[in-house]
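What follows is the residue order along each chain.
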Amino acid sequence: MAKNIMFYFSGTGNSLKVAKDIAEAIEDCELISMGKSYKLSDTYQRIGFVYPIYAGGMPGVVERFIKALDLSVNKDSFIFAVCTSGSGQAGGLTNISKILEGKGGKLSYGAPIRCFSNYVGLYAMGDNVDSKAKAQSEATKLVVKDIQGFAIKPPIKKISMSILHGPFIKWLSKRDKAFNVSEACNSCATCSKVCPVENIKMEQGKPVFQHHCEQCMACIQWCPKKAINVKNKTQNRGRYHHPEVKLTDMINKK
Ligand SMILES: Cc1cc2nc3c(=O)[nH]c(=O)nc-3n(C[C@H](O)[C@H](O)[C@H](O)COP(=O)(O)O)c2cc1C
Ligand code: SF4
Ligand code: SF4
């Protein structure tokens, strides 16, 4: 059994890169995707959660994952959360504090890290990939130091968009109905492999969306042919993934 365990969710690699950087620094750390449920039966020194901010709060799958996690033998562990965001963080850390408290646990440490904004379905991708990656890396170093030293820094309470967040996240899950696949598709199945919640089935060589989407943008962003689009909005937008995260890192998740 490893001494530490960290759960992550990531569409374009920002959160995965943060999780990997922390795991490397604290050593002896298992990295597990939150795309599937997990039974936590051993006791760990540190338990971490790393995820992006969606609509000012947590992605739906992350919330469901943490609510379902049995923390009974880990109530005294150092529990930390790091959320990556494009521009803000709102209630992303406050939400997790509340969920853990409801389960008898406690968030010892929470920090936001600003990263590249990846929501290609909503806006064009910026041209500041390298500077954002550098800023992410610098911010991660400070967080790593804290987590290595078991710093007790619970997140500052932020006003969450809780009234809007829940309905919005629910609405997102069917937004894949707006996705289309162009003639450029070469049937490589990358989209299906990279989807963290198994929302894409390959049928006759083409992706078919199953309407339990998290809108993580992974399929759109990692498709080598730019064949997946949201209506007619994304055809001329660039594509993004964290420059130091490879497709194999995204696919070979536990
Ligand atoms: C559906 C969706 C909603 C988002 N909402 C927010 C938001 O409310 N605030 C924000 O700062 N960034 C928002 N973002 C940007 C991501 O949180 C940010 O780019 C994050 O680092 C992506 O992490 P990943 O690469 O691990 O998927 C959103 C992205 C997506 C795809
Ligand atoms: S990743 Fe793109 S090219 Fe590959 S199967 Fe999916 S849509 Fe087609
Ligand atoms: S279908 Fe695409 S956007 Fe939706 S969860 Fe899967 S990879 Fe993410």
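Residues numbered from 1 in each chain as written. Chains lettered and ligands numbered in written order. Predicted model: local features only at pLDDT ≥ 70, side-chain atom pairs only at ≥ 80, totals over all residues. Heavy atoms only, no water.

Asks: Sorry, what's going on with the site of ligand 1 here?
Replies: Near ligand 1 you find 23 residues, and of these Ser10, Thr12, Ser15, Ser87 and Phe116 are the closest. Residue Gly56 places a main-chain N or O atom 2.9 Å away from an oxygen atom belonging to ligand 1. For ligand 1, whose free accessible area comes to 650 Å², the fraction covered by protein is 93%. If you list the elements that add at least two residues to the shell around ligand 1, you get helix H1 (14-26) and strand S4 (78-85). (Near = heavy atom within 4 Å. Polar contact = N/O pair within 3.5 Å; in protein donor to acceptor, adjacent residues only side chain to side chain. Areas by Shrake-Rupley, 256 points an atom, 1.4 Å probe, with all protein chains shown as cover. Helix = DSSP H or I, 4+ residues; strand = E, 2+ residues; numbered from the N terminus.)

Asks: Explanation requested: the sheet that holds strand S5 (residues 109-114) in the structure shown.
Replies: Each strand in a sheet pairs with its neighbour through backbone hydrogen bonds, running either in the same direction (parallel) or in the opposite one (antiparallel). Taken in spatial order, the five strands line up as S2-S1-S3-S4-S5 in an open sheet, and their pairing is parallel. Two strands bound the open sheet, and with one partner strand each, they are strand S2 (29-33) and S5. Each neighbouring strand pair of the sheet contributes to a mean axis angle of 15°, computed without reference to strand direction. As paired strands, strand S3 (residues 46-52) and S4 are joined by seven bridges and run parallel to one another. Paired with Ile47 across the strands is Ile79, a residue of S4. The sheet contacts of helix H4 (residues 129-148) involve S3, S4 and S5, and relative to S5 the element is tilted by about 170°. (Pairing = 2+ DSSP bridges. Axes fitted to C-alpha atoms, helices over the stretch in contact; angles between N-to-C directions. Contact = heavy atoms within 4.5 Å.)

Asks: I keep staring at the pairing of S3 and nothing clicks. Help me out?
Replies: In summary, the side chains of a regular strand alternate between the two faces of the sheet. Of all seven residues making up S3, seven are buried, and the element is well covered by its neighbours. On S3, burial covers both faces: Arg46, Gly48, Val50 and Pro52 on one face and Ile47, Phe49 and Tyr51 on the other are all buried. With five bridges connecting them, strand S1 (residues 4-8) and S3 associate as parallel partners. Bridge pairing in S3 links Ile5 to Ile47. Since S3 and S4 lie parallel, the crossover through helix H2 (residues 60-68) that links them has a hand, and here it is right-handed. (Buried < 20%, exposed > 50% of the residue type's maximum accessible area, 1.4 Å probe, protein only. Right-handed = clockwise from strand over helix to strand, strands pointing away.)

As far as function goes, none of this settles anything; it's purely spatial.
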